[in-house]
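Below are the chains, spelled out letter by letter.
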Amino acid sequence: MVFRLVAFLSVLVYFFSNPLTAQVVDEIDATSTVAPSNLPTEKIESISPSKRIFLVTNTNSSFERGDYISMILNSKIVARALVAKMQNDTAGIKILRIHSLSLWNTLRVGSEVQILRGDDSYFNRPVKKELKEDLGPTSKIEDEDDLYSETKIGDDDLSLEENKNRAIKNDNLVTGSYGRVEGVNNDGGSQYYGQFMAQWAYQIEDNIWVEGGYGQGVINDFPSVGLDTVLRNITFRAKYTVAAPLYSFIQPYIGYQMVTATSDSAGVSDGQATQEQLDQENELMDKMNKNRPVFGVSWLKRLVPGWFMKVDLGTDIMNLGFTLEF
């Protein structure tokens, strides 16, 4: 019995001391990509230009501010991060370490990743030396203001400037809307006409925006019964953004508006209209055309991250639509 026990222990010692066997065991361990099946899945909502700051959802309430988390993709650790800011169901995280450069390069806005909170030694993945170093001179983040600090990645000086002075962080706002533009009716009196409009605004300085818009609609029975007129509206605005309660923003603006009305049949004789009627049609078309300075205010109400409801009230248009920021 003792002889058999000694023989068995000798075989075990030989097996695990053999270099080839140890290499095989190491390789199996190195390629292990098992992930817990109950990890919550979240979506990437925004990525800073330097890819140091991510906004991710926290719909599962699976982590809190100050937690260390790992992003898991295809059962592999992509990166290690610290949760530095929380707002509703969205978290701002700062990347501390990249584990898989190939997977890291596949991350996009809208990508879904699994989130592992706390210790990630379960995965026991080997990390290449050049990727194992922390991204920056320190991984310590004491408060949410550190999200906006200047940091370095390796030898590259990459500054992250998520400017806190900006009411709206992103630089672009694209809006689709429906509004009413002032014109004249067949009697020469004031009347509003509906039209669809597209607008694009760009933030040139903190809270200072320039915006261009184009709208178009068709007016039936103008300038005479049986005629149709296309009404086009082009506006340029300069706006300033002020934060308001309930995740909303107010943007007073000044600008310039150009309204043009075109009708192939207006003022053209059909053999039945009198010259007086034709002159009246031309006069109404001229009154519809406008080139003038305008002013007003826009109101943006955040609905979900990245989307607003927008209202324009001004001398140029009364408008309601939806805005996407990026």
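Refer to the structure presented above.
Residues numbered from 1 in each chain as written. Predicted model: local features only at pLDDT ≥ 70, side-chain atom pairs only at ≥ 80, totals over all residues. Heavy atoms only, no water.

Chemist: Go over the overall build of the protein, please, and point to the residues and values.
Modeler: From N to C terminus, the protein includes five helices and 15 strands. A buried classification covers 38% of the 326 residues belonging to the protein. Counting contacts in the protein only where the partners sit at least 6 residues apart, residues at least 24 apart contribute 58% of the total. Only carbon and sulfur atoms are counted for the fraction: they give 56% of the accessible area of the protein, which is about 18,600 Å². (Helix = DSSP H or I, 4+ residues; strand = E, 2+ residues; numbered from the N terminus. Buried < 20%, exposed > 50% of the residue type's maximum accessible area, 1.4 Å probe, protein only. Contact = heavy atoms within 4.5 Å. Areas by Shrake-Rupley, 256 points an atom, 1.4 Å probe, with all protein chains shown as cover.)

Chemist: So what's going on with the pattern of salt bridges? Which residues, and what values?
Modeler: Scanning all chains against the criterion turns up eleven salt bridges. Notably, a salt bridge pairs Arg166 with Asp171, separated by 2.3 Å at the nearest N-O pair. Arg166 sits in the buried class, given a relative accessible area of 17%. Assessed through its relative accessible area of 23%, Asp171 is described here as partly exposed. A single network of salt bridges, built from pairs that share partners, joins Glu211, Arg237, Lys239, Lys310, Asp312 and Asp316. (Salt bridge = Lys/Arg side-chain N within 4 Å of Asp/Glu carboxyl O.)

Chemist: Outline helix α5 (residues 275-288), supporting the account with residue identities and numerical values.
Modeler: Its 14 residues place the ends of α5 20 Å apart at the C-alpha level, agreeing with the 20 Å of an ideal helix rising 1.5 Å per residue. What α5 keeps buried is the set Leu278, Glu281, Leu284, Met285 and Met288. Relative to the axis of α5, the buried residues are bounded by an arc of 120 degrees and lie together on one face. Those residues of α5 that are exposed and angled more than 90 degrees off the buried face are Gln275, Glu276 and Asp286. Buried residues along α5 sit in contact with β7 (172-184), β8 (190-205), β9 (208-220), β10 (228-240), β12 (248-262) and β13 (290-304). (Expected span 1.5 Å × (residues − 1). Arc of directions from axis to C-beta.)

Chemist: Break down the nonpolar core for me, citing the residues and quoting the values.
Modeler: Counting residues in hydrophobic clusters, the biggest one holds 20 residues, and the most contacted among them are Phe54, Met71, Ile93, Ile95, Trp104 and Leu107. Looking at this core, the elements that each hand over two or more residues are β2 (53-57), β3 (68-73), β4 (76-87), β5 (90-98), α3 (101-104) and β6 (112-117). Counting 14 residues, the second largest nonpolar core, distinct from the first, contains Val181, Tyr193, Met197 and Ile219. (Core = buried A, V, L, I, M, F, W, Y, C linked by side-chain atoms within 4.5 Å.)

Chemist: Describe in detail the environment of Lys301, supporting the description with residues and values.
Modeler: Turning to its location among the elements, Lys301 is positioned in strand β13. When the C-alpha atoms of Lys301 and Phe249 are compared, they prove to be 6.5 Å apart, with 52 residues separating the residues in sequence. Aside from chain neighbours lying at most four places away, what touches Lys301 is Leu246, Tyr247, Ser248, Trp307, Phe308 and Met309. Here the side chain of Lys301 touches Leu246 through a polar contact of 3.4 Å, landing on its backbone oxygen. (Polar contact = N/O pair within 3.5 Å; in protein donor to acceptor, adjacent residues only side chain to side chain.)

Chemist: Please provide a residue-by-residue account of the environment of Ile95, values included.
Modeler: Relative to the elements of secondary structure, Ile95 occurs in strand β5. In sequence terms Ile95 and Ile53 are 42 residues apart; their C-alpha atoms lie 6.4 Å from each other.

Chemist: Mind laying out the environment of Gln203, listing which residues take part and the relevant values?
Modeler: One can find Gln203 in strand β8. On the accessibility criterion, Gln203 (1% relative accessible area) is buried. Sequence separation between Gln203 and Lys239 is 36 residues, and the spatial gap between their C-alpha atoms is 9.1 Å. Setting aside chain neighbours within four positions, we find Gln203 in contact with Arg166, Ile168, Lys169, Asn170, Asp171, Ile208 and Trp209. Among the polar contacts made by the side chain of Gln203, one reaches the main-chain carbonyl oxygen of Ile168 at a distance of 3.0 Å.

Chemist: Please set out the sheet that holds β6 residue by residue, giving values where relevant.
Modeler: Taken in spatial order, the six strands close into a barrel running β1-β2-β5-β4-β3-β6, and their pairing is antiparallel. Between one strand and the next, the sheet's axes are offset by a mean angle of 45 degrees, whatever the strand orientation. As paired strands, β3 and β4 are joined by six bridges and run antiparallel to one another. Counted as the bridge partner of Tyr68 is Leu82 from β4. (Pairing = 2+ DSSP bridges. Axes fitted to C-alpha atoms, helices over the stretch in contact; angles between N-to-C directions.)

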